[in-house]
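Now for the letters of each chain:
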Amino acid sequence: MTVISPVPPEAPAERAYVDLGQLRREVQAFLTDARATGMFTPTVDCWLRGFDPRFSRELSARGWLGVTWPARFGGRDWPNAARFAITEELLRFGAPVTAHWIGDRQIGPSLLRHGTPELQHEFLPKIVASQVTFCLCMSEPGAGSDLAAVATRADPADGGWLVNGTKIWTSYAQHASHGYLLARTSRGEKRHDGLTEFIIDMDWPGITVTPIADMSGGRHFNEVSFSNVFVPAGRVLGEVGNGWRQVTEQLSFERGGPERVLTAYPLLEHAVTQVAAKPHLQAELGEIVARLRTLRHMTLSLTDALDRGEAPVQQAATLKVVGTEFEQRVVDFAARALDVEADPHGDGIAGLLADAITASPGFTIRGGATAVLLSILAKENR
C-alpha cells in the first residue's frame, strides 16, 4: 500500500481527550432539535447539495469545525475520531453542510501539511469560523477525472502567476469566496510533472463562473474560466511543481470519509421501516446493513491513519470505489422498498427518493471516476 506520510509540524504530539459517546449525544441532540424546529430539512447528498452558510455558522459556534487542528488556528486538538463522530451524525441526519465541507475536509488539512505560516494564519481560523467557503477547481473539460491531463496553465509573472484555462463540475463556485486551483506550471517527461496548487479568491478579475444545470434542474455544478488571472506568489500551496504528489495526498481526505458511504442514509432509514411487511426484501436489507458495517470499519481505519500523520491514498481509493457503488445500491433498494413514487417536486419521502435517483449516477464519478481509481489501484499493486 502506498502511503504518503509527511508528519505535519503543526500536529500536536498528543491529542486532547474526547468522550466520543458524549460528543455524539450532543451532536444528535442539536440535530434532532434543529430538524424539529425547521432549521433544516433532511436531504440525500447533503454534503454536496446542502449549501446553508447559516447552518455552518451554527456548527462553528459549537466548536465543531476544524476540531482536529491546533488550538492556535481555532481548532481543538481533537483526534480524527472526534471529527468522524461529528461528520457521521451530520450525514445520518442529512444536514446541510456544503458551505463548510471542502474547507473543513481537505483544504484545512492540506494547509496544515503544506501551507506557509502566512497561508495557515490567513485561512485556518476563517474556516473554523465558517467565514470562508471553498470550491475545488480540479476537473477540466478535456481531462475529467484524469488530473494528470490538466491543461490550465499558470505562467510566471512579476510577483506571481498568470492563469489561463477552464475548469468544470466545480460545485458551488458561484457562492464560494475562495477556490483551490490545480494548474500546470511546467511540462516534464511525465504527465504528472509540473503541476502546482494555488489558493485563489473567486472574485479576482478574469474569473468567470457559469452555472451548469443537472437533470433535476439544480445548479450546484459550474464551469469556471480563467483569463489572465493574476495569482500572487504567496498563494502557492506547497512546492511549485509538486502538485501531483500533494493533490494525490489531498484526495485521500476527499475519498476516504464517511460521506462515501452515508450519502443516501436518510433514504435508507425510511426504507428500513417498510421492509418488515416485505419478506422478499429482508435478506437483501440484511446484506446491505452488513456491507454498511464493513464500510464503516474501513472509514474508521482511515481515520486512525490520519491520526498517525499518514495520507492513505490507496485505502481511500478503495473505499471510494466500493463505497459509492454501495450507495447506488442503497438508492436502488429504496426505490423498490418504499411505497411511494419519486416526485422531484414532492415533499417528504417522494422528494427525497427523487433527489437520490437523480444524484446517484454521479456517485461513482465525483472525486475520481471508478475506472480511473481501479487503474490507480491496479498500477500500485503490480
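Residues numbered from 1 in each chain as written. Predicted model: local features only at pLDDT ≥ 70, side-chain atom pairs only at ≥ 80, totals over all residues. Heavy atoms only, no water.

### Some words on the nonpolar core
In this structure, L23, L31, F55, I107 and F333 are the most contacted members of the largest nonpolar core, which totals 79 residues. In terms of residue count, the dominant contributor to this core is helix α11 (residues 313–337) (8 residues). Contact partners of I107, with chain neighbours within four places excluded, come to I102, I127, F134, L136, Y180 and I199. Core analysis: the second largest hydrophobic core is formed by 19 residues, I207, V224, F226 and V229 among them. (Core = buried A, V, L, I, M, F, W, Y, C linked by side-chain atoms within 4.5 Å. Buried < 20%, exposed > 50% of the residue type's maximum accessible area, 1.4 Å probe, protein only. Helix = DSSP H or I, 4+ residues; strand = E, 2+ residues; numbered from the N terminus. Contact = heavy atoms within 4.5 Å.)

### Observations regarding the confidence of the model for the protein chain
Across the protein chain, the average pLDDT comes to 89, with 94% of residues at 70 or higher. pLDDT under 50 marks residues 1–13. Its contacts with residues more than four places away, or in other chains, come to 26 contacts. (pLDDT = per-residue confidence, 0-100.)

### Quick word on the packing of aromatic side chains
On inspection of all chains with the given rule, the structure shows 8 aromatic pairs. Taken together, a centroid distance of 5.5 Å and an interplanar angle of 75° make the contact between W169 and F221 edge-to-face. Of this pair, W169 sits in the loop between β3 (160–168) and β4 (178–184) while F221 sits in strand β7 (residues 221–232), and the two are 52 residues apart along the sequence. Using a relative accessible area of 22% as the deciding quantity, one classes F221 as partly exposed. Clustering of aromatic rings is evident, with ring pairs tying together F30, F40, F55 and W64. A cation sits over an aromatic face here: R83 above W101, 5.9 Å from the ring centre. (Phe/Tyr/Trp six-rings, centres within 6.5 Å; stacked < 30°, edge-to-face > 60°. Lys NZ or Arg CZ within 6 Å of the ring centre and 35° of its normal.)

### A closer look at the packing of helix α9 (residues 265–275) against helix α10 (residues 282–307)
Running from amino to carboxyl end, α9 crosses α10 at an angle of 145°, the nearest separation of the two axes being 11 Å. Judged by the twist between their axes, the crossing of α9 over α10 is left-handed. Between α9 and α10, the residues in contact are Y265, L268, V272 and V275 and Q282, L285, I288 and L292, respectively. Grouping the constituent residues of the contact of α9 with α10 by class yields 7 nonpolar, 1 polar and no charged. (Axes fitted to C-alpha atoms, helices over the stretch in contact; angles between N-to-C directions. Left-handed = near helix turned anticlockwise from the far one by under 90°. Nonpolar A, V, L, I, M, F, W, Y, C, P; charged D, E, K, R; others polar.)

### With respect to unusual backbone geometry
Notably, D77 is not glycine yet its phi reads approximately 60°, a positive angle. With respect to the helices and strands, the residue D77 is situated in the loop between α3 (53–61) and α4 (80–92). Positive phi values are uncommon outside glycine, yet W169 reaches one of about 60°. On the accessibility criterion, W169 (47% relative accessible area) is partly exposed.

### A short note on the pairing of strand β2 (residues 153–157)
Across 5 bridges, the pairing between β2 and β3 is antiparallel. Paired with A154 across the bridge in β3 is V163. The turn joining β2 and β3, which pair antiparallel and follow one another in sequence, is formed by 2 residues; a positive phi near 85° is taken by G159. (Pairing = 2+ DSSP bridges.)

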